[in-house]
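So the chains spell out like this:
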Amino acid sequence: MNTQLEPPRVPPLSAAERSRLRNQVMDRTRPGDHRPGRRWIAPAVAVGAVAAVVAGTLVVAQKSPDDTGAAGTSTASPEAKVGVDLGPVPKADVAKIVADCQFPNEPGPAQLVWSRHVRGITKDSTALVAVALDTKKSTTQPPVINGRRKPGGGGAPSTAKLGYRYCMTRTPPSGKLGAIGAVGRVDDKAWRTQPTAQRALVALGTTDGDFTNDLTTLQSWRLYRAHPDVAKVEARYVLNGKTGPWTSGVVSDGFAYIEVQANGKFTVGQKLKTEVLAFDAQGHQLPIG
């Protein structure tokens, strides 16, 4: 009896079977901590894709023409198609605006600090706006009635002793237009408040309810002290949920002026809400406080 039997013949493995066996051996010999890394490849790619989408969304949002943008961003100016600036006050009108910057009983004349010629409330009118200073103090005593000072005759209030005032005069005279001219005292606190990088505009005078005799034009205007970085100001009105066109204002010599107008049929006492933007010379939006 022959005990030395030959093993049965094994048919040769195909290339696919050899590859499968090799992979099984290699998988069993790899360190166990490699496998979780392979499972996280897809989620990591997904997170990267989400980040890319978010970044893309932010870029698009910043370029939106309706977005006012955050201060310091490169948001472009709305590029207003309407402007109010008509240049310096004509020499022939300087005396007029100086006279209109005085209050009754002031010895005057007021000293102009800043002035500008701007568009009027109608197509055939203009206006002069100014900041002025009363350099002379009245020596006359205000009238007294029944032991009290006559209203409006007591001089500057304690909050406006520096003598600064804002002024507007209209051509033709305001009586013919319906819209009034104005002279108002600038509070000492407002005058002493300097514009800063965080608050580029400081309001000195404002009105939001000027209108023409026929009540078909409603106007709002504002006069500011401006930070040196301010190169451009723009404004638009908001009325009954609708916005008007962006209107370019005036920036010169440390002051700024904006004005907007709405046309329609209005009532006495109606107000016009105004949105204001300020930009530097590179078109970056500035915070205005």
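Residues numbered from 1 in each chain as written. Predicted model: local features only at pLDDT ≥ 70, side-chain atom pairs only at ≥ 80, totals over all residues. Heavy atoms only, no water.

Caption draft 1: Broad picture of the environment of P228. With respect to the helices and strands, P228 occurs in the loop between strand 9 (217-226) and strand 10 (232-239). The class for P228 is exposed, based on a relative accessible area of 76%. Each C-alpha atom of the pair P228 and P195 lies 8.5 Å from the other, and the pair is 33 residues apart in sequence. (Helix = DSSP H or I, 4+ residues; strand = E, 2+ residues; numbered from the N terminus. Buried < 20%, exposed > 50% of the residue type's maximum accessible area, 1.4 Å probe, protein only.)

Caption draft 2: Examining the nonpolar core more closely. Ranked by internal contacts, the top residues of the largest apolar core, which has 21 residues, are L201, V230, V233 and L272. Only strand 8 (201-211), strand 9, strand 10, strand 14 (255-263) and strand 15 (273-279) provide two or more residues apiece to this core. W114, V118, W221 and F255 belong to the second largest nonpolar core, which has 19 residues in total. (Core = buried A, V, L, I, M, F, W, Y, C linked by side-chain atoms within 4.5 Å.)

Caption draft 3: A look at the sheet that holds strand 14. The strand order across the open sheet formed by four strands is 8-9-14-13, and the pairing between neighbours is antiparallel. A strand with exactly one partner marks an edge of an open sheet, and here the two such strands are strand 8 and strand 13 (250-252). Pairwise comparison of adjacent strand axes, ignoring direction, gives a mean angle of 10° for this sheet. Sheet topology note: the strand 13/strand 14 ladder contains three bridges and is antiparallel. Looking across to strand 14, one finds that V251 is bridged to A256. (Pairing = 2+ DSSP bridges. Axes fitted to C-alpha atoms, helices over the stretch in contact; angles between N-to-C directions.)

Caption draft 4: Structural detail: the packing of aromatic side chains. Going through the model one piece at a time under the given rule, you end up with five aromatic pairs. Measuring from ring centre to ring centre gives 3.8 Å for Y164 and W191, while their planes differ by 15°; the resulting arrangement is stacked. Here the residue Y164 occupies a position in strand 6 (residues 164-171), and W191 occupies one in helix 6 (residues 188-192), the gap between them amounting to 27 residues. Neither residue differs from the other here; Y164 and W191 are each classed as buried. Each member of the aromatic cluster is reached from another via a ring pair, and the members are W114, Y164, W191 and F255. The ring of F103 has R185 sitting right over it, with the charged end atom 3.9 Å from the ring centre. Here R225 stacks its cationic end above the ring of W191, 3.8 Å away from the centre of that ring. (Phe/Tyr/Trp six-rings, centres within 6.5 Å; stacked < 30°, edge-to-face > 60°. Lys NZ or Arg CZ within 6 Å of the ring centre and 35° of its normal.)

Caption draft 5: Spotlight on the state of the cysteines. Under the definition given, this model contains one disulfide. Sulfur-sulfur distance for the disulfide between C101 and C167 comes to 2.0 Å. Taking the sign of the S-S torsion, about 120° here, the bridge from C101 to C167 comes out right-handed. Here C167 lies in strand 6 and C101 lies in the loop between helix 4 (91-100) and strand 2 (111-119), a separation of 66 residues in the sequence. With respect to burial, C101 and C167 carry one shared label: buried. (Disulfide = S-S within 2.5 Å.)

Caption draft 6: Fine view of the pattern of salt bridges. Using the criterion set out here, one finds eight salt bridges in the structure. In this structure, the salt-bridge partner of R170 is D210, at a minimum N-O distance of 2.8 Å. Of this pair, R170 sits in strand 6 while D210 sits in strand 8; the two residues are 40 residues apart in sequence, bridging distant segments of the chain. Linking K232 and E234 is a salt bridge whose minimum nitrogen-to-oxygen distance equals 3.0 Å. With a relative accessible area of 29%, K232 lands in the partly exposed category. We classify E234 as buried; its relative accessible area is 0%. (Salt bridge = Lys/Arg side-chain N within 4 Å of Asp/Glu carboxyl O.)

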